[in-house]
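# An overview of the molecular structure
For reference, the chains in residue letters:
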Amino acid sequence: MGDIIDNPHLREQRFVFSSRHDAGRQLGAFLKTLPAIQNPLVLAIPAGGVPVGREVAGVLGAPLSLAIVRKIRIPGTTESGFGAVTWDGQVLINEDLRSALGLRAPDVELAIAETRKNVSERVARFTGTRLAPEPAGKTVILVDDGLASGFTMLAAIQSLRLKSPARIIAAVPTASAASAKLVSRHVDLLVCLNIRSGRVFAVADAYAEWYDLDDREVLEELAGAR
């Protein structure tokens, strides 16, 4: 289990960041106060993690690439998921939730197939023919705009482990206390500025400005990082 490092002054606070860019700048500055991170590579999870990751990479002087992960949607919903598919086709299922929902095997397989197709399309759209930096031997910093359940981050970690990085650091501006504890078990270090406890948690509550990024904005962020 990795350590959890947070900012005690921001615990249990809401609306502590003006925007994702502000959160990324603060997160990057916080990471710079830690012992030197050797050979860093920042991997941002689209869409919301991209502006955060862009700022972190800028502060650290590290290359920026993507860890494209999509939730496997619960049939009949648009937001909730019972698993995730990663950029290399790996699947992680929340078996407890799948069982509680009573999802049948054909429904699960269909949802996985649809998500894999979506991930492949996003990989092509966001990366094109560009070769992603090789994670082997690097300190990979996985960045998102926050952790609610933490399951998307867990799926990214599972795939990344197969690439033999030297270390994995999960770095997010905000997280629920439960998700921070869960994710920390699977990384070398979890860095989160704003950890909140309580039964109700929303990533958006850490931000004064919050909206969903579209694909055009993700591409603009990536272009601005080069």
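Refer to the structure presented above.
The rules behind these values
- Residues numbered from 1 in each chain as written.
- Predicted model: local features only at pLDDT ≥ 70, side-chain atom pairs only at ≥ 80, totals over all residues.
- Heavy atoms only, no water.
- Pairing = 2+ DSSP bridges.
- Helix = DSSP H or I, 4+ residues; strand = E, 2+ residues; numbered from the N terminus.
- Axes fitted to C-alpha atoms, helices over the stretch in contact; angles between N-to-C directions.
- Core = buried A, V, L, I, M, F, W, Y, C linked by side-chain atoms within 4.5 Å.
- Buried < 20%, exposed > 50% of the residue type's maximum accessible area, 1.4 Å probe, protein only.
- Contact = heavy atoms within 4.5 Å.
- Phe/Tyr/Trp six-rings, centres within 6.5 Å; stacked < 30°, edge-to-face > 60°.
- Arc of directions from axis to C-beta.
- Polar contact = N/O pair within 3.5 Å; in protein donor to acceptor, adjacent residues only side chain to side chain.
- Parallel < 35°, antiparallel > 145°, perpendicular 65-115°, else oblique.
- Left-handed = near helix turned anticlockwise from the far one by under 90°.
- Salt bridge = Lys/Arg side-chain N within 4 Å of Asp/Glu carboxyl O.

Our next topic: the sheet that holds strand 6 (residues 91-93). Reading across the sheet, the 3 strands line up as 4-5-6 and stay open at both edges, with antiparallel pairing between neighbours. Bordering the open sheet on either side are strand 4 (69-73) and strand 6, each of which pairs with just one other strand. On average, each strand axis in the sheet is inclined to that of its neighbour by 25°, with strand direction left out of account. Of the pairings in the sheet, the one linking strand 4 to strand 5 (residues 81-86) comprises 4 bridges and is antiparallel in character. The residue of strand 5 that forms the bridge with Arg 70 is Val 85.

In terms of nonpolar packing, the biggest core is built from 27 residues, with Leu 142, Met 153, Ile 157, Val 183 and Leu 190 touching the most fellow members. Residue assignment for this core shows that the elements contributing at least two residues are strand 2 (40-44), strand 7 (139-143), helix 5 (151-161), strand 8 (167-176), helix 6 (177-184) and strand 9 (189-196). When residues of this core are assigned to their parent elements, the largest contribution, 7 residues, is made by helix 5. Once residues within four sequence positions are removed from consideration, Val 183 is found in contact with Leu 147, Gly 150, Met 153, Leu 154, Ile 157, Ala 170 and Leu 190.

For the structure on display, the rule yields 2 aromatic pairs. A ring pair is formed by Phe 17 and Tyr 207, whose centres lie 5.6 Å apart and whose planes are at 45°; its orientation type is tilted. Taken together, the residues span a long stretch of sequence, with Phe 17 in the loop between strand 1 (3-6) and helix 1 (20-32) and Tyr 207 in the loop between strand 9 and helix 7 (215-225) at a distance of 190 residues. The pair Phe 17 / Tyr 207 is uniform in exposure class, with both members buried. With a centroid separation of 5.3 Å and 45° between ring planes, the pair formed by Tyr 207 and Trp 210 is classed as tilted.

Next up on the list: helix 7. Three or more residues of helix 7 are buried, namely Glu 217, Val 218, Glu 221 and Leu 222. Considered in projection along helix 7, the buried side chains sweep an arc of 140° and stay on one side of the axis. Looking at the buried positions of helix 7, the neighbouring elements they touch are helix 1, helix 2 (49-60), strand 3 (64-66) and helix 4 (105-127). Where helix 7 begins, the side chain of Asp 214 points an oxygen toward the backbone nitrogen of Arg 216, at a separation of 3.2 Å.

Attention shifts here to the environment of Leu 101. Counting through the fold element by element, Leu 101 comes out in helix 3 (residues 95-101). Judged by its relative accessible area of 37%, Leu 101 falls in the partly exposed class. Distance in space between the C-alpha atoms of Leu 101 and Ile 74 is 8.7 Å, their sequence separation being 27 residues. Beyond its immediate sequence surroundings of up to four residues, Leu 101 is in contact with Ile 74 and Phe 82.

Running from amino to carboxyl end, helix 4 crosses helix 7 at an angle of 40°, the nearest separation of the two axes being 10 Å. The orientation of helix 4 relative to helix 7 falls into the category oblique. In this structure, the crossing between helix 4 and helix 7 has a hand that is right-handed. Here Arg 122, Arg 125 and Phe 126 of helix 4 come into contact with helix 7, specifically with Asp 215, Val 218, Leu 219 and Leu 222.

All chains considered together, the criterion is met by 13 salt bridges. Residue Glu 55 pairs with Arg 25 through a salt bridge whose shortest N-O separation is 3.3 Å. Here the residue Glu 55 occupies a position in helix 2, and Arg 25 occupies one in helix 1, the gap between them amounting to 30 residues. Among the ionic pairs, Glu 121 bridges to Lys 117, the shortest N-O distance being 2.7 Å. Of this pair, Glu 121 and Lys 117 both sit in helix 4, 4 residues apart, which is roughly one turn of that helix. A relative accessible area of 33% places Glu 121 in the partly exposed class. One continuous salt-bridge network, built from bridges that share partners, spans Arg 122, Arg 125 and Asp 215.

What follows concerns the sheet that holds strand 9. Pairing within the open sheet is parallel, and its 6 strands lie in the order 1-9-8-7-2-3. Bordering the open sheet on either side are strand 1 and strand 3, each of which pairs with just one other strand. The average undirected angle you get between the axes of adjacent strands in this sheet is 25°. With 3 bridges connecting them, strand 2 and strand 3 associate as parallel partners.

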